[in-house]
Number of protein chains: 2
Amino acid sequence: MKITVKDIARLSGVSKGTVDRVLHNREGVSRKSFEKVMKVVRESGYEPNIYASLLAKHGKRVLALLLPRSGKADYWTLVDAGADKAAAAASNFGVDVKKIVYDQYSLDAFRSACKEALDLNPAGVVLPPMFKEETKVFAGRLDELGIPYAFVDSRIEELNYMAFYGMPAFSAGYLCAALLTDNQNVSAVGAVRVRRDKEGLSDPTVTRRNGFIRYLDEHFPDKKKAAVFIDPSDPGSIEPALDGFFESNPDISHLVMFNSRLYLITDWLEKHPERKLRVVGFDNLEANVAALKKGLVTALITQRPEQQIAGAIDALVNLLVLGKGPQKRDNFMHMDILTRYNAD
Amino acid sequence: MKITVKDIARLSGVSKGTVDRVLHNREGVSRKSFEKVMKVVRESGYEPNIYASLLAKHGKRVLALLLPRSGKADYWTLVDAGADKAAAAASNFGVDVKKIVYDQYSLDAFRSACKEALDLNPAGVVLPPMFKEETKVFAGRLDELGIPYAFVDSRIEELNYMAFYGMPAFSAGYLCAALLTDNQNVSAVGAVRVRRDKEGLSDPTVTRRNGFIRYLDEHFPDKKKAAVFIDPSDPGSIEPALDGFFESNPDISHLVMFNSRLYLITDWLEKHPERKLRVVGFDNLEANVAALKKGLVTALITQRPEQQIAGAIDALVNLLVLGKGPQKRDNFMHMDILTRYNAD
DNA sequence: ACAATTGCCGTGCCCGTGCACGAAACGAAA
DNA sequence: TTTCGTTTCGTGCACGGGCACGGCAATTGT
């Protein structure tokens, strides 16, 4: 037997119109009525019926979602898929999720995506803070407009974001090193990298690398570390790059890759079983999982991107619909270890 | 611009009352009207507004939840916690989840719990099929009454359950063996067990053990396997039991435990670091995770019991509220690998 | 033939909330 | 006192769907 506005109106001797004004603290209520109503509201523990509420204000609210996209399959593909599911759930709550996709390597694309998002006049925004300075500018604008926003993937701590859902990147790197070297005879560790220039980017792979190196320094301080750079935009160059790398570093027994593009080197791995490399990487892209199942890769560390994006969207939806902020602002999500036997 | 019953009524030239009768396939509709309406419904892709629906039939439905419980912390503690969260979510959809807790070792307790559940006159039931024969009887009764039910943890395949959420127990055992022995010098493998008599029980630990043994047979066919039984109800007996076991099996290097009570032996492990045992177990009970973080245990395989119970409850809620069955009847959930570095 | 039953169907109210419109109450100026 | 402007408040409809009630027509019974 839930209490309703009508009950409150009766108990406090006013009309439901007045109760409504008090509950939404709109103007036009005398001090006396206000307090009478508030008293009853508090004492009765009134909670609005969200169904009736959503039904009455049939107005759709828009939630903008900024997503980077490169041409090829990568981490963001997974996020994208998760976003669709979360969007379906959100539409049940009268919230319309609009995806805005931009080229992850282009600052201009990011800028115009921000502009596009603002043009939607959104009630909330979800984005990974890809470009640090530009994100700050955008966030400042959102703050001005009073639009809440949530970060996924990584965060910029000094900003006024409502919630963050992502991986503890440093720990992930640390874990990665532990998995890679656990009980092994480590001779030398190699890393495959994609981009040299990371300045101005808010990129968890950098932090992962730091965590990784920390573990090595703690457990194998004197072991050799080496890195090779490959160019994803030029697939033909990858094989020679790796060949060269292993020629000049024949002692490498363990290999790591901090971004999601592990699949770029699996062809090479398949051709060189004689190296008996132990390999650990990140993110459960289909191609990566396939390599895992083949035994080319020992383990993948994954972060359930679907849950991250869903968490961020849900948090914003709850804020918009129920007016309730999230319990935790920073939500570091579980790092999952995938081996060939639990890849599902 | 969503389509409503009124739209359908207009488009098919009948009244919304008739549309309503068609949508809920109640009687009192002529063949002709029925088909006219159905045609429009299909073509328009009509979906009811669940808020309006819930608002109109404000009737609460009850969902019964049977949960075993022993005195001590175990796997079911985690399930219980997850159930509370899922129940909160369900109450948003006008479904009242009632927990019925019974002693997991008592058949009588299970029986009376079933009776209690039926007395609630529930619209649905969620339960782990702990006692096989009794569960069959109960399920038969539910089938008679037309009450849908969902299994968690394990399932009885021949029954008419609506959905199952659980772990692929055989694969879990297989994975467990892979984790335990991966790249190790295995001399002999020991198992710690709790109950000797499993007949009449529907218990995933048995299947886990089978999966475990399969892996060993495939990869280390000639290695020795040994088992020790401990009695959880008599904590004092545990240490001597283990002492005796390792005295007569000094070559054991790897240890496994198939149920959730790994914490029962962590004291002993802590006292015997000289054995350098590699240990793998199941379920993220707090005590188990603590042992993991201390380094006493190498890895835990966990099954996110909160998500299992939540999945089962959600499936039933969706059925009750939206009238939609689940996409998949059997939902094998991801096995999570926990090490000291991703225990959170 | 008319009355009674049955099969189909439309109307209208209800759920709890949001919000527009206009009425009442009040004070101040004429 | 009348008039006008504010402030404050109540009324009533809308949202979309569930469901009871009663009406109309076709059929059956006498």
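Preceding this paragraph is the structure being described.
Not measured: the values here are computed from a predicted model.

## Some points on empty space enclosed by the protein
Residue and element names in this part refer to chain A.
Turning to step 1, where the next piece is worked out: Counted under the stated rule, the structure contains four cavities of 30 Å³ or more.
Turning to step 2, where the next piece is worked out: Within this model, the second largest cavity holds a volume of roughly 370 Å³.
Turning to step 3, where the next piece is worked out: If you trace the second largest cavity, you find 21 residues lining it, with W76, Q104, D203, T205 and N259 closest to the centre.
Turning to step 4, where the next piece is worked out: Of all the secondary-structure elements, those providing two or more residues to the lining of the second largest cavity are α5 (75-91) and α9 (204-219).
Turning to step 5, where the next piece is worked out: Broken down by element, the lining of the second largest cavity gets its largest block of residues, three residues, from α9.
Turning to step 6, where the next piece is worked out: Residue composition of the lining of the second largest cavity, grouped by class: seven nonpolar, six polar and eight charged.
Turning to step 7, where the next piece is worked out: Taken domain by domain, the makeup of the lining of the second largest cavity includes at least three residues from each of domain 2 (59-166 + 305-333) and domain 3 (169-302).

## Let's talk about the pairing of strand β4 (residues 149-153) of chain A
Residues and elements named next belong to chain A.
Turning to step 1, where the next piece is worked out: Burial runs high along β4: five of the five residues are buried.
Turning to step 2, where the next piece is worked out: Note that the unit made of strand β3 (residues 124-127), helix α7 (residues 132-145) and β4 has a crossover that is right-handed.
Turning to step 3, where the next piece is worked out: Relative to strand β5 (residues 163-166), β4 runs parallel, the two being bridged by four bridges. Looking at β5, one finds that A150 is bridged to A163.

## Details of the nonpolar core
Turning to step 1, where the next piece is worked out: Judged by nonpolar contacts, the single largest core of 111 residues is most densely connected at L66, V126 and I313 of chain A together with L66, V126 and I313 of chain B.
Turning to step 2, where the next piece is worked out: Looking at this core, the element that brings in the most residues is helix α13 (residues 305-322) of chain A, giving nine residues.
Turning to step 3, where the next piece is worked out: Core analysis: the next-biggest nonpolar cluster, separate from the first, contains 48 residues, A177 and V256 of chain A together with A177 and V189 of chain B among them.

## Some remarks on the sheet that holds strand β10 (residues 299-302) of chain B
Residues and elements named next belong to chain B.
Turning to step 1, where the next piece is worked out: The strand order across the open sheet formed by six strands is β7-β6-β8-β9-β10-β12, and the pairing between neighbours is mixed. What marks the edges here is a single partner per strand, and that holds for β7 (224-229) and β12 (336-338). Strand after strand, the sheet turns through a mean of 20° between neighbouring axes, direction not considered.
Turning to step 2, where the next piece is worked out: Relative to β7, strand β6 (residues 188-193) runs parallel, the two being bridged by six bridges. Note that in β7 the partner of V189 across the bridge is K225.
Turning to step 3, where the next piece is worked out: Where helix α12 (residues 286-294) meets the sheet, its contacts fall on β9 (278-282), β10 and β12, and the angle it forms with β10 comes to roughly 150°.

## Things to note about the protein's contact with DNA strand C
Turning to step 1, where the next piece is worked out: Every one of the 23 residues lining DNA strand C counts as a neighbour, but K16 and Y46 of chain A together with S15, S30 and S33 of chain B are closest to it.
Turning to step 2, where the next piece is worked out: By atom count, sugar and phosphate contribute 61% of the portion of DNA strand C lying within 4 Å of the protein.
Turning to step 3, where the next piece is worked out: Residue N49 of chain A places a main-chain N or O atom 3.2 Å away from a phosphate oxygen belonging to DNA strand C.
Turning to step 4, where the next piece is worked out: Contacts to DNA strand C include A52 of chain A, whose backbone N or O atom sits 3.4 Å from a base nitrogen.

## As for the interface of chain A and chain B
Turning to step 1, where the next piece is worked out: Counting from both sides, the interface comprises 27 residues of chain A and, opposite them, 28 residues of chain B.
Turning to step 2, where the next piece is worked out: Here chain A and chain B share an interface that buries about 2,500 Å² over both sides, 56% of which is from carbon and sulfur atoms.
Turning to step 3, where the next piece is worked out: Of all residues in chain A, Y51, H334 and Y341 of chain A bury the most surface against chain B, accounting for 29% of the area lost on that side.
Turning to step 4, where the next piece is worked out: For the pair chain A and chain B, the number of links is zero salt bridges.
Turning to step 5, where the next piece is worked out: If you list the elements that add at least two residues to the side of chain A that touches chain B, you get α4 (50-56), α8 (169-181), α9 and β12 (336-338) of chain A.
Turning to step 6, where the next piece is worked out: For the side of chain A that touches chain B, the per-class residue count stands at 13 nonpolar, nine polar and five charged.

## Description of the relation of the copies chain A and chain B
Turning to step 1, where the next piece is worked out: Least-squares fitting of chain A to chain B yields an RMSD of 0.9 Å, with the superposition described by an axial translation of 0.5 Å and a rotation of 179°. Here the copies are linked by what is in effect a two-fold axis.

## Re the protein's contact with DNA strand D
Turning to step 1, where the next piece is worked out: Taken together, 23 residues are adjacent to DNA strand D, and S15 and S33 of chain A together with V5, K16 and Y46 of chain B come closest.
Turning to step 2, where the next piece is worked out: Sugar plus phosphate: this is where 59% of the atoms of DNA strand D within 4 Å of the protein reside.
Turning to step 3, where the next piece is worked out: Separating a base oxygen of DNA strand D from a side-chain N or O atom of K16 of chain A is a distance of 3.3 Å.
Turning to step 4, where the next piece is worked out: With respect to DNA strand D, the side chain of H24 of chain B contributes an N or O atom lying 3.0 Å from a phosphate oxygen.
Turning to step 5, where the next piece is worked out: Of all the secondary-structure elements, those providing two or more residues to the surface near DNA strand D are α2 (16-23) and α4 of chain A together with α2 (16-23) and α4 (50-56) of chain B.
Turning to step 6, where the next piece is worked out: Residue contributions to the surface near DNA strand D peak at four residues, all from α2 of chain A.
Turning to step 7, where the next piece is worked out: Residues that form the surface near DNA strand D fall into these classes: nine nonpolar, 10 polar and four charged.

## A closer look at the sheet that holds strand β1 (residues 61-69) of chain B
Residues and elements named next belong to chain B.
Turning to step 1, where the next piece is worked out: The strand order across the open sheet formed by six strands is β2-β1-β3-β4-β5-β11, and the pairing between neighbours is parallel. Edge positions in the open sheet fall to β2 (95-103) and β11 (330-332), since each of these has one partner strand only. Looking at each pair of strands side by side, their axes are set apart by 15° on average, direction ignored.
Turning to step 2, where the next piece is worked out: In the sheet, β1 pairs with strand β3 (residues 124-127) via three bridges, with the strands oriented parallel. Its bridge partner being in β3, A64 is matched across the sheet by V125.
Turning to step 3, where the next piece is worked out: Of the strands in this sheet, β1, β2 and β4 (149-153) touch helix α5 (residues 75-91), which is tilted by about 165° from β2.

## Points about the packing of aromatic side chains
Turning to step 1, where the next piece is worked out: Scanning the model with the defined rule gives 25 aromatic pairs over all chains in all.
Turning to step 2, where the next piece is worked out: Taken together, a centroid distance of 5.5 Å and an interplanar angle of 15° make the contact between Y51 of chain A and Y51 of chain B stacked. Here Y51 of chain A, found in helix α4, pairs with Y51 of chain B, found in helix α4, and the two come from separate chains. Comparing Y51 of chain A with Y51 of chain B shows no difference in burial state: the two are buried.
Turning to step 3, where the next piece is worked out: Taken together, a centroid distance of 4.9 Å and an interplanar angle of 75° make the contact between Y75 of chain B and W76 of chain B edge-to-face.

About the thresholds
Residues numbered from 1 in each chain as written. Chains lettered and ligands numbered in written order. Predicted model: local features only at pLDDT ≥ 70, side-chain atom pairs only at ≥ 80, totals over all residues. Heavy atoms only, no water. 1 Å grid on protein atoms, 1.4 Å probe; cavity = no way out; pocket = protein on both sides within 12 Å on 5 of 7 lines; lining within 4 Å. Points joined across faces, edges and corners; volume = space filled by probe spheres on them. Helix = DSSP H or I, 4+ residues; strand = E, 2+ residues; numbered from the N terminus. Nonpolar A, V, L, I, M, F, W, Y, C, P; charged D, E, K, R; others polar. Domains from an automatic or database assignment. Buried < 20%, exposed > 50% of the residue type's maximum accessible area, 1.4 Å probe, protein only. Right-handed = clockwise from strand over helix to strand, strands pointing away. Pairing = 2+ DSSP bridges. Core = buried A, V, L, I, M, F, W, Y, C linked by side-chain atoms within 4.5 Å. Axes fitted to C-alpha atoms, helices over the stretch in contact; angles between N-to-C directions. Contact = heavy atoms within 4.5 Å. Near = heavy atom within 4 Å. Polar contact = N/O pair within 3.5 Å; in protein donor to acceptor, adjacent residues only side chain to side chain. Buried area = accessible area lost by both parts, 1.4 Å probe. Salt bridge = Lys/Arg side-chain N within 4 Å of Asp/Glu carboxyl O. Least-squares fit on C-alpha atoms with pLDDT ≥ 70 in both. Phe/Tyr/Trp six-rings, centres within 6.5 Å; stacked < 30°, edge-to-face > 60°.

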